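Chains, contacts and geometry: an overview
This is what each chain is made of:
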Amino acid sequence: AFFWLVSLLLSSLIWFIAVKASDPRDEPLQKGLLIFGVMFSVLLQEAFRFLYYKLLRKAIEGLVALSEDGCSPISIQQMAYVAGVGFGLMSGAFSMINLLADALGPGTVGIHGDSQLYFLTSAFMTMVLIFLHTFWGILFFHGCEHRRWWEVMAVVVMHLAVSGSTFCNPLYVGSLVPSYLLMVIAATWAYVLSGGSAQNLRRFLLCKF
Amino acid sequence: MITFMNNSDSEEEPCNERTSLMSAESPPVPSYQDGLQASEAGEAQAHRKRRTGSSRSPNNIADGDADSGVPVRESALENEEEELTLKYGAKHVIMLFVPVTLCMIVVVATIKSVRFYTEKNGQLIYTPFSEDTPSVGQRLLNSVLNTIIMISVIVVMTVFLVLLYKYRCYKFIHGWLILSSLMLLFLFTYIYLGEVLKTYNVAMDYPTLFLVIWNFGAVGMICIHWKGPLQLQQAYLIMISALMALVFIKYLPEWSAWVILGAISIYDLMAVLCPKGPLRMLVETAQERNEPIFPALIYSSAMMWTVGMAKPDPAARGPRQQTCVAAEDGRENHRSPLHADSQMSETRSPVPNRPITSFEELEEEERGVKLGLGDFIFYSVLVGKAAATASGDWNTTLACFVAILIGLCLTLLLLAVFKKALPALPISITFGLVFYFSTDNIVRPFMDTLASHQLYI
């Protein structure tokens with residue numbers, strides 16, 4: 001969560017400087033700067049995820065060195081999961097919390113001609129992002145662990161795609177549907193990487209062990 | 001167990017040395033940077049908790065060995081100690097996160113809902129310069145002067161307290177602390193309850209009010225200064241820290257508050273680490289006399305009962321240096337009694353515990369991490385101010401909250417590495433301040449623009 005926060009800070013700094021240095025009345029430029037800001041922020045988030053992976057790797061090595069039986073008390077997969085959850089929660093909290101605070105007050109959604117489904121879609125979008133961050137965490141760490149850089153690139157591309165799709169808002173079909181599809185793909189991929197299989201899933205669902 | 005001992009400066013006010021991370025029995029922790037990173041990551045904690053139960057006793061013995069300064073250690077013992085420390089350290093990080101979070105939640109919830117604490121109704125005498133001046137330079141100057149006055153008051157009170165402690169004026173200190181906590185528990189609670197009831201428009205008659213406050217206060221006094229269930233004690237300490245923090249948030253002018261926070265962390269750093277610092281002298285004196293320091297002003301995550309350190313058994317003796325970084329916040333006079341209280345409980349505890357050595361060992365093991373109440377107060381002041389004054393509202397508050405917790409983690413890490421009293425304020429407050437100003441000014445416009453276009457990053 002802290003790492004995500006720092007990445008957000010740095011990306012906002014870049015955007016802020018860019019905005020201050022540019023002409024505020026130029027609408028397309030502002031929009032362009034915003035797009036640039038978003039993309040840059042995504043890249044920075046992934047960079048920080050990588051940094052966090054490096055940090056955790058060192059920690060695991062330390063733990064292994066210290067432990068009695070040569071294996072770490074916590075595995076890299078667990079750390080990947082937690083890192084993903086941390087990123088996701090922070091990202092979700094920052095996206096939603098002001099919205100929720102405003103939702104407690106009086107007002108009408110979409111009174112100025114905006115979409116009336118604003119709150120609903122925001123909620124769904126945030127949820128899908130949190131899930132995605134969790135799965136991306138697992139995929140990312142797995143890719144770094146086994147040196148499969150295409151997995152890492154796939155995560156970055158997916159993140160860019162999801163962020164990019166939100167540019168279609170308020171045409172929610174354009175953003176929510178692809179995001180959910182990507183989430184399902186990422187979920188199955190992460191599940192398979194974590195050692196799951198169709199058989200495990202069946203056994204779990206039927207409560208057999 | 002990894003605990004930090006921070007020597008916080010006792011603020012002049014009775015309040016005391018509330019802040020400081022103290023390590024209770026800390027097992028000798030050889031450097032374990034890697035492991036600490038892991039504990040900082042926090043993910044290992046769940047796993048570690050599973051394994052903490054098994055190795056308690058060797059820990060204590062190891063403690064004793066380290067504390068008696070045995071230079072030669074077997075590497076196996078060292079490794080085991082490291083591992084144990086790691087495990088305990090992670091557990092204690094969690095044990096400290098919960099109360100700090102609770103205190104902050106109480107403060108933020110009150111700030112957001114009760115209007116009273118964000119209204120400007122005058123200032124304390126410790127910050128005489130007003131900030132209503134038109135020019136920026138004048139305002140800055142006034143806030144710096146306010147800070148200087150405040151910090152000097154704190155220094156004077158701290159030195160006074162240390163002198164009292166040195167010359168064994170225990171009764172005076174105890175009386176001071178009792179008066180202070182009396183004031184805190186009764187008067188401030190009364191004001192707080194009154195304001196909350198006003199906000200929610202709930203009617204309450206005086207007899208009921210009297211009954212409620214009397215019970216609350218009396219149980220609080222007993223719990224804090226004498227014996228009581230650990231969780232109740234912890235709850236009371238959290239509540240009084242929150243009350244104190246609210247008072248600070250209300251009565252400190254804007255810029256002065258931020259400058260004071262910065263200055264306090266610097267002072268904390270100096271008072272704890274400099275050889276002539278008052279807190280360090282306090283801790284060393286307490287160590288020489290084998291007495292715990294002001295237990296009532298310290299939040300302990302395990303048995304708060306001050307186990308007497310005066311054990312002949314060197315293995316169990318671990319300087320329980322409680323960094324009492326008293327939250328200087330207590331600028332008010334009623335704070336002083338609080339100080340006395342802790343001192344009283346401190347002297348009371350060694351007496352009954354003397355004959356029970358083995359039990360004490362167990363006690364010390366159980367002690368867990370100690371954090372001074374002043375630390376709680378200042379963390380809450382930072383987060384509360386962020387909640388009160390930031391226009392970006394919740395994002396800023398959340399960012400400050402995460403920053404403070406990460407700072408706390410890092411401090412605990414350092415504690416495990418250095419194994420002596422450390423100030424708990426500097427790192428967390430620095431992170432908190434940095435994140436507050438940057439989130440408020442830089443991140444907020446970005447997030448607002450994103451939210452208005454409903455873009456997600």
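Just so you know, these numbers come straight off a predicted model, no measurement behind them.

**Observations regarding the overall build of chain B**
Within chain B, the regular secondary structure consists of 16 helices and three strands. By residue count, 60% of the 457 residues in chain B fall in the buried class. Per element, the accessible surface of chain B, about 16,300 Å² overall, is 67% carbon and sulfur.

**Some words on the overall build of chain A**
The secondary structure content of chain A amounts to seven helices and zero strands. Reading the helices (α) and strands (β) of chain A from amino to carboxyl end gives α-α-α-α-α-α-α. Principal-axis analysis of the C-alpha atoms places the extent of chain A at approximately 65 × 45 × 35 Å. Put simply, chain A has 209 residues, and 44% of those count as buried. Summed over its atoms, the accessible surface of chain A is roughly 10,800 Å², and 71% of this surface lies on carbon and sulfur atoms. Taken as two groups, the 12 positive and 11 negative side-chain charges of chain A have centres that lie 9 Å from each other.

**Observations concerning the packing of helix α9 (residues 254–273) of chain B against helix α16 (residues 425–453) of chain B**
Residue and element names in this part refer to chain B. Put simply, α9 and α16 touch, their axes get as near as 8 Å, and they point 155° apart. What the angle tells us is that α9 and α16 run roughly antiparallel. For the pair α9 and α16, the crossing hand works out as left-handed. When α9 is examined against α16, the residues W258, L261, G262, I264, S265, D268 and L269 are found in contact with a partner set consisting of L425, P426, I429, L433, Y436 and F437. Split by residue class, the contact of α9 with α16 holds ten nonpolar, two polar and one charged.

**Quick notes on unusual backbone geometry**
The phi dihedral of R147(A) falls on the positive side, at around 60°, and the residue is not glycine. Inspection of the secondary structure puts R147(A) in the loop between α4 (118–145) and α5 (149–165). In the Ramachandran plot, R168(B) falls in the positive-phi region, its phi being about 60° despite a non-glycine side chain. Within the element layout of this structure, R168(B) appears in the loop between α5 (136–166) and α6 (170–200).

**Some remarks on the UniProt feature "transmembrane region" (unreviewed entry) in chain A**
Residue and element names in this part refer to chain A. UniProt's entry tags residues 31–52, 79–97, 117–140, 152–173 and 179–198 with the feature "transmembrane region" (unreviewed entry), counted in the numbering of this structure. Its end C-alpha atoms 31 Å apart, residues 31–52 is made of 100% helix and 0% strand. Regarding residues 117–140, the helix share stands at 96% and the strand share at 0%, and the terminal C-alpha atoms are separated by 33 Å.

**Quick word on the state of the cysteines**
Note: disulfide means a covalent bond formed between the sulfur atoms of two cysteine side chains. All names here are of chain B. Tallied over the entire structure, the rule returns zero disulfides over all chains. C409 carries a free sulfur, and the closest cysteine sulfur to it, the one in C400, is 17 Å from it. With relative accessibility at 4%, the residue C409 sits in the buried group.

**Notes on α5(A)**
Note: α-helices contain 3.6 residues per turn, so residues at a spacing of three or four share the same orientation. The first and last C-alpha atoms of α5(A) sit 24 Å apart over 17 residues, in line with the 24 Å expected at 1.5 Å per residue. Residues E151(A), V152(A), V155(A), V156(A), M158(A), H159(A), V162(A), S163(A) and S165(A) constitute the buried set of α5(A).

**Here we look at the nonpolar core**
Grouped together as the largest cluster of nonpolar side chains are 88 residues, with contacts concentrated most on V100(B), Y379(B), L382(B) and I429(B). Of all the elements, helix α8 (residues 230–251) of chain B adds the most residues to this core, at twelve residues. L129(A), I138(A), F140(A) and V155(A) belong to the second-largest nonpolar core, a separate cluster that totals 34 residues.

**Observations regarding the UniProt feature "transmembrane region" (unreviewed entry) in chain B**
Residues and elements named next belong to chain B. Within this structure's numbering, the places UniProt gives as "transmembrane region" (unreviewed entry) are residues 93–111, 144–165, 172–194, 206–226, 233–249, 255–274, 398–418 and 424–443. For residues 93–111, helix accounts for 100% and strand for 0%, while the C-alpha atoms at its two ends are 27 Å apart. Helix makes up 100% of residues 233–249 and strand 0%, whereas the separation of the span's terminal C-alpha atoms amounts to 24 Å.

**A word on the pattern of salt bridges**
Note that side chains of opposite charge can pair when their charged atoms are close. Inspection of the entire model under this criterion finds six salt bridges over all chains. For E46(A), the salt bridge identified is with R49(A), shortest N-O distance 3.1 Å. Taken together, the positions of E46(A) and R49(A), both in helix α2 (residues 27–66) and three residues apart, correspond to about one turn of that helix. As far as burial versus exposure is concerned, E46(A) and R49(A) are alike and both buried. Linking R444(B) and D440(B) is a salt bridge whose minimum nitrogen-to-oxygen distance equals 3.5 Å. With R444(B) and D440(B) both in helix α16 and four residues apart, this pair spans about one turn of that helix. Overall, the relative accessible area of 10% leaves D440(B) in the buried class.

**Observations concerning the packing of aromatic side chains**
Following the criterion strictly, the structure yields 19 aromatic pairs over all chains and no others. Here F172(B) and W176(B) contribute two aromatic rings whose centre-to-centre distance is 6.4 Å and whose plane-to-plane angle is 55°, an arrangement assigned as tilted. Residue F172(B) and its partner W176(B) are located together in helix α6, separated by four residues, close to a single helical turn. Ring pairing ties together the aromatic residues F50(A), Y53(A), F140(A) and F141(A), which thus form one cluster. For the cation-ring pair, R49(A) lies above F140(A), with the distance from its terminal atom to the ring centre recorded as 6.0 Å. Geometry around W394(B) places K112(B) over its ring, the cationic atom sitting 4.8 Å from the centre.

Rules used in this analysis
Residues numbered from 1 in each chain as written. Chains lettered and ligands numbered in written order. Predicted model: local features only at pLDDT ≥ 70, side-chain atom pairs only at ≥ 80, totals over all residues. Heavy atoms only, no water. Helix = DSSP H or I, 4+ residues; strand = E, 2+ residues; numbered from the N terminus. Buried < 20%, exposed > 50% of the residue type's maximum accessible area, 1.4 Å probe, protein only. Areas by Shrake-Rupley, 256 points an atom, 1.4 Å probe, with all protein chains shown as cover. Lys, Arg positive; Asp, Glu negative; His and termini not counted. Charge placed at Lys NZ, Arg CZ, Asp CG, Glu CD. Axes fitted to C-alpha atoms, helices over the stretch in contact; angles between N-to-C directions. Parallel < 35°, antiparallel > 145°, perpendicular 65-115°, else oblique. Left-handed = near helix turned anticlockwise from the far one by under 90°. Contact = heavy atoms within 4.5 Å. Nonpolar A, V, L, I, M, F, W, Y, C, P; charged D, E, K, R; others polar. UniProt positions renumbered as here; feature names shortened; annotations may be inferred. Disulfide = S-S within 2.5 Å. Expected span 1.5 Å × (residues − 1). Core = buried A, V, L, I, M, F, W, Y, C linked by side-chain atoms within 4.5 Å. Salt bridge = Lys/Arg side-chain N within 4 Å of Asp/Glu carboxyl O. Phe/Tyr/Trp six-rings, centres within 6.5 Å; stacked < 30°, edge-to-face > 60°. Lys NZ or Arg CZ within 6 Å of the ring centre and 35° of its normal.

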